[in-house]
Amino acid sequence: MALRGKGVISLKKWLPAAVWASVTCALFSWAYFRYHHEPRYFYTRQILGQWLCVSRGTAAVLHLCMACVVVPVSRFLHLAVARAALPQRLPKISALFLVHMRKMHVTFAFTLVVASVVHTISHVVNAFNFSLHYNYEYPEVNWGKAGQGAPSLVFTSAVGLSGIGMMVIITLMAYTSLEKVRNPHYNYFWFSHHLAWPFLALYLIHPLSKVIKEISNIEEHKPCLQYVVRANDSFQQPCEVPPAFKAPESDAWKWLFIPLMLMCFDLILRLSSQFKETTVSSVAALPGLALEIFMHCSSFSCSPGQYVLLQVPSVSALEWHPFTIVKCPSDKDRKFSVIVKARGDWTRKCVKQMVNQFILSDTNNMINKEIRLLISGPFASPMEQVQRGKYSVCIGGGVGITPFMSHLRYLLEADCNQVEQLKFIWVCPDASQILWFAWTLSSLHDKFWENNKPDVFNFSIYVTNPSSCQYLEGVLEAKYPIVAQRVHSGRPKWDALFFDIKCEFSTKDVVNIFGCGSKSMLQQLGYQSKMISTSRNRYVLVREAYS
């Protein structure tokens, strides 16, 4: 039974990739055989051979990738789908839509890189074939002049220079997208991806050079198709009507129409209405080189689980970084907050500046004028669905706990009937981070007990670095004894943990398991959720990964 469940998980995991691979292979094959068999490309095939078909097949795949790769990263499209269309009818599908958009973008981008490399290689070979197999009988079918070398064709033509420019941009994008580069140097990733605009411009210019020629009078001129020969070979019998040539019309703009409209609409909306200047109310220093920044903006409102883009102009006037909202504004308190942990170059500068201005100085009035913050958002997230289900299990790894904390802080001010049963699990790498939210956990626990609902909210914390627990044992036991009792050393044993979850929720029809953390943790959660699910007691995983 376990093997069968594991097979089902693997099938569902790889099915979207298999469908996408099938579509791209079918499109490549269609374009390849079109240029291989159609008579109108006979003379071009004489010069280029099979590499003509390879270049056109990869061009078709590139068009499809360009039409798709931009769509998943339109934040306002996410917000529109999550808020307007799906949540009222199908909230789980809304969450899954937001989860898989990121995977789809990565899949489209990977295919784009592979197709670009193959397309570039095929055109380099084509340049040499144009130089070596010049057609003296019909000079207009050639690219360049007789005797012109391949390097000259590539480096002195618009199609060659635009192709080189696009490959440089796509190489920078792919390299800075690697986790080992993106995590410590997020600004490189941010800048390289904003080269998408010049990339799109080059993509539209690239096919306008009219390198590939086709026979325009194919009805009058019938080439001898029984021989596929090079320019230095001879035909059995020439056709009586000489051929006329023209370049095929470029259809690149048709593929880019939808993504360009989405990008422009996304940019216009963000520039016109979504940039808000905020006032920093206070800053709280947290263990582990982290800060909780409390801000105030009268026109800002959000829901628990959402995130914003934050810009600190004094650190960088161009960079925007995503942060989950830890505390949402309410009617009583309009302040909201995010947690910034010093991990990369931008966050280190931000934390250093906040510490110098707010913690090491007493002139707060002057500080508020000096530090200017801009926010864009809020934006939709799969973690918004936590309070929309009756029964929920929230599992966070490290800083992946922040989306759930916004829900817990919201419950502190909301009615106790907001949820029927909520289980909270935190896999924490360092015990010092428990102090980030120890007061929230303890206060929420006391609230439900005071309202005679002790079974509604339950939580447990697992510290993966046991040596750090000794440092905090006295602090937690003195200030937060309820939290100290629920701290466990070592990683959770997922089999036993999910067995306990199944026993606790065995009488429920559907239980939502929300996971936010590393990819490896989310894979384990997905596997365990499938293992304990039955037809009458289903466990649905809603995930959000961070790098």
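Criteria and thresholds
Residues numbered from 1 in each chain as written. Predicted model: local features only at pLDDT ≥ 70, side-chain atom pairs only at ≥ 80, totals over all residues. Heavy atoms only, no water. pLDDT = per-residue confidence, 0-100. Helix = DSSP H or I, 4+ residues; strand = E, 2+ residues; numbered from the N terminus. Contact = heavy atoms within 4.5 Å. Expected span 1.5 Å × (residues − 1). Buried < 20%, exposed > 50% of the residue type's maximum accessible area, 1.4 Å probe, protein only. Axes fitted to C-alpha atoms, helices over the stretch in contact; angles between N-to-C directions. Parallel < 35°, antiparallel > 145°, perpendicular 65-115°, else oblique. Left-handed = near helix turned anticlockwise from the far one by under 90°. Nonpolar A, V, L, I, M, F, W, Y, C, P; charged D, E, K, R; others polar. Phe/Tyr/Trp six-rings, centres within 6.5 Å; stacked < 30°, edge-to-face > 60°. Lys NZ or Arg CZ within 6 Å of the ring centre and 35° of its normal.

1. Quick word on the confidence of the model for the protein
1) Next: Across the protein, the average pLDDT comes to 78, with 84% of residues at 70 or higher.
2) Next: Averaged over each element, pLDDT in the protein is lowest for helix α13 (residues 364–370) (46) and highest for helix α7 (residues 158–176) (91).
3) Next: In this model residues 85–91 is a low-confidence stretch, pLDDT under 50, and it forms 10 contacts with partners more than four residues away in sequence or in other chains.

2. Here's the deal with helix α3 (residues 50–69)
1) Next: Compared with the 28 Å implied by 1.5 Å per residue over 20 residues, the 28 Å span of α3 between its first and last C-alpha is a close match.
2) Next: Among the 20 residues of α3, 17 are classified as buried, and the element is accordingly described as predominantly covered.

3. Digging into the packing of helix α14 (residues 402–413) against helix α15 (residues 434–450)
1) Next: Two elements in contact, α14 and α15, have axes whose closest approach is 10 Å; the angle formed by their N-to-C orientations is 40°. By the angle class used here, α14 and α15 are oblique. Of the two possible hands of crossing, α14 and α15 adopt the one that is left-handed. Here α14 contributes Thr402, Met405, Leu408, Arg409, Leu411, Leu412 and Glu413 to the contact with α15, which in turn contributes Trp436, Phe437, Trp439, Thr440, Leu441, Ser443, Leu444 and Lys447.
2) Next: Classifying every residue of the contact of α14 with α15 by side-chain character gives nine nonpolar, three polar and three charged.

4. Overview of the packing of aromatic side chains
Where two aromatic rings form a pair, the distance of their centres and the angle of their planes describe that pair.
1) Next: Under the defined criterion, the tally for this structure stands at 17 aromatic pairs.
2) Next: Summarising the aromatic geometry, the rings of Tyr43 and Phe245 are spaced 5.8 Å apart at their centres and angled 80° between planes, so their arrangement reads as edge-to-face. Residue Tyr43 is found in helix α2 (residues 42–48), and its partner Phe245 is found in strand β2 (residues 245–246); the two are separated by 202 residues along the sequence.
3) Next: Owing to a relative accessible area of 17%, Phe245 belongs among the buried residues under this scheme.
4) Next: On the numbers, 6.2 Å between centres and 80° between planes, the contact of Trp436 with Phe437 is edge-to-face.
5) Next: Overall, the relative accessible area of 0% leaves Phe437 in the buried class.
6) Next: The rings of Phe42, Tyr43, Tyr138 and Phe245 are connected pair by pair, giving a single aromatic cluster.
7) Next: The ring of Phe294 has Lys335 sitting right over it, with the charged end atom 5.7 Å from the ring centre.

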